[in-house]
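Secondary and tertiary structure notes
Okay, here's what each chain looks like letter by letter:
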Amino acid sequence: MRARRILAVSILVLAAAAGTVPAAMAQEAAATGGLGWKTSFQVEYFSRTIVWDEKTRSSRLLNPQGLLAIDYEAAPGLDVGLVVGYSLADWDGLAFRGLPFSIENQAGTIGGLVIGAELRKSLVVRGDWEFDAEARFTAGMSKSETLPLEGLAVDGQVDISASWMRIEAGPTLHYHGFELFSPYLGLAFDRIWGRMTMTETIEDLEGSEEKKVAAAGVFALNFGTVYEPSTSFRVKFGGTLIPFSKVGGGLGLDYGATVRIMVAL
């Protein structure tokens, strides 16, 4: 049921993104030559500290993923797009104490579909400098995993399912003064939240527990460069740093990295 709700929400977001461009803007873009399609493939990895049990416990969410995006240049400086891909989320360390036998998740990576939408709008261009706003929503839905329970005198198993959502939005400053490379620096609201459900079955005993999680940090510093040997081909190399407050006190730093290959159609 939750997977279906996530899918429904994601479809609504995709439809909204696809419908953000009025017909008049599309006609203007066609007249000026700005109308067009772009496709890109992105490999991304992020390591985020997540908190749970009313923010009294923490663990890590590691997530490598591959994403395919189809973007539509509806007007000069305005791109809207749809995203689909696959992730291998690792939720190890999340503890479940409300089951017949307490267990800490050590299932490793759990594969699942990723869908989403993205938007980019160029706001100001002055000489070699460009200031824009970017936003992206993605949702990941894992397939269910069934694992045997070891170390018991009787047979038992645990069924695991998980899902997550992510919103990234903020301004970015680009410098286009170099011939092939365009470095950039940006700030973003970067929020991840989700849930994992674990159902334990040991002969006649059965119990289920759900953990709601959220990323400890929500503000990110994005940086990197875009390599553009031609107007129809670009490669983006990016990094992300996310500071957060540790559960036990003090500050920590999460991170991410991405490589995105973009081709104009």
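Here the structure is shown first, and the text comes after it.
Reference entry: report on the structure contained in this document. (Residues numbered from 1 in each chain as written. Predicted model: local features only at pLDDT ≥ 70, side-chain atom pairs only at ≥ 80, totals over all residues. Heavy atoms only, no water.)

1. Quick word on unusual backbone geometry
In this model, D53 sits at a positive phi of 50 degrees, which is unusual for a non-glycine residue. With respect to the helices and strands, the residue D53 is situated in the loop between β1 (36-52) and β2 (57-75). According to the relative accessible area criterion, D53 is partly exposed, its value standing at 30%. Within the chain, K55 stands out as a residue other than glycine whose phi angle is a positive 65 degrees. (Helix = DSSP H or I, 4+ residues; strand = E, 2+ residues; numbered from the N terminus. Buried < 20%, exposed > 50% of the residue type's maximum accessible area, 1.4 Å probe, protein only.)

2. Digging into the pairing of strand β7 (residues 129-142)
The pairing of strand β6 (residues 109-126) with β7 spans 14 bridges and is classified as antiparallel. Bridge pairing in β7 places V114 opposite G140. Between β6 and β7, which pair antiparallel and follow one another directly, the connecting turn spans two residues, one of which, G127, has a positive phi of 65 degrees. Inspection of the sheet shows β7 paired to strand β9 (residues 156-175) by 13 bridges, in the antiparallel sense. For M141, the partnering residue across the bridge sits in β9 and is S163. (Pairing = 2+ DSSP bridges.)

3. Brief notes about the side chain of T199
With respect to the helices and strands, the residue T199 is situated in strand β10 (residues 181-202). Owing to a relative accessible area of 18%, T199 belongs among the buried residues under this scheme. At a separation of 3.2 Å, a polar atom in the side chain of T199 contacts the side chain of S208. (Polar contact = N/O pair within 3.5 Å; in protein donor to acceptor, adjacent residues only side chain to side chain.)

4. With respect to the packing of aromatic side chains
Within this structure, the stated rule accounts for six aromatic pairs. With a centroid separation of 5.3 Å and 80 degrees between ring planes, the pair formed by Y175 and F178 is classed as edge-to-face. Here the aromatic rings of F181 and Y227 are separated by 5.1 Å at their centres, their planes lie at 40 degrees, and the arrangement is tilted. Of this pair, F181 sits in strand β10 while Y227 sits in strand β12 (residues 219-230), and the two are 46 residues apart along the sequence. Residue classification places F181 among the partly exposed residues on the basis of a relative accessible area of 40%. The exposure class of Y227 is partly exposed, given its relative accessible area of 27%. Here a set of aromatic residues connected by ring pairs shows up, and it is made of W129, Y175 and F178. A cation over a ring is seen here: R166 above F46, with NZ or CZ 4.7 Å from the ring centre. Across from the ring centre of Y184, 5.1 Å away, lies the NZ or CZ of K236, which sits over that ring. (Phe/Tyr/Trp six-rings, centres within 6.5 Å; stacked < 30°, edge-to-face > 60°. Lys NZ or Arg CZ within 6 Å of the ring centre and 35° of its normal.)

5. Focus: the pattern of salt bridges
For the structure shown, the criterion picks out 15 salt bridges. Of the charged contacts in the structure, one is a salt bridge between R48 and D190, with a shortest N-O distance of 3.2 Å. Of this pair, R48 sits in strand β1 while D190 sits in strand β10, placing them 142 residues apart in sequence. For the pair R48 and D190, one class covers both residues: buried. Residue D71 pairs with R260 through a salt bridge whose shortest N-O separation is 3.3 Å. With D71 in strand β2 and R260 in strand β14 (residues 251-264), this residue pair connects regions lying 189 residues apart in the sequence. (Salt bridge = Lys/Arg side-chain N within 4 Å of Asp/Glu carboxyl O.)

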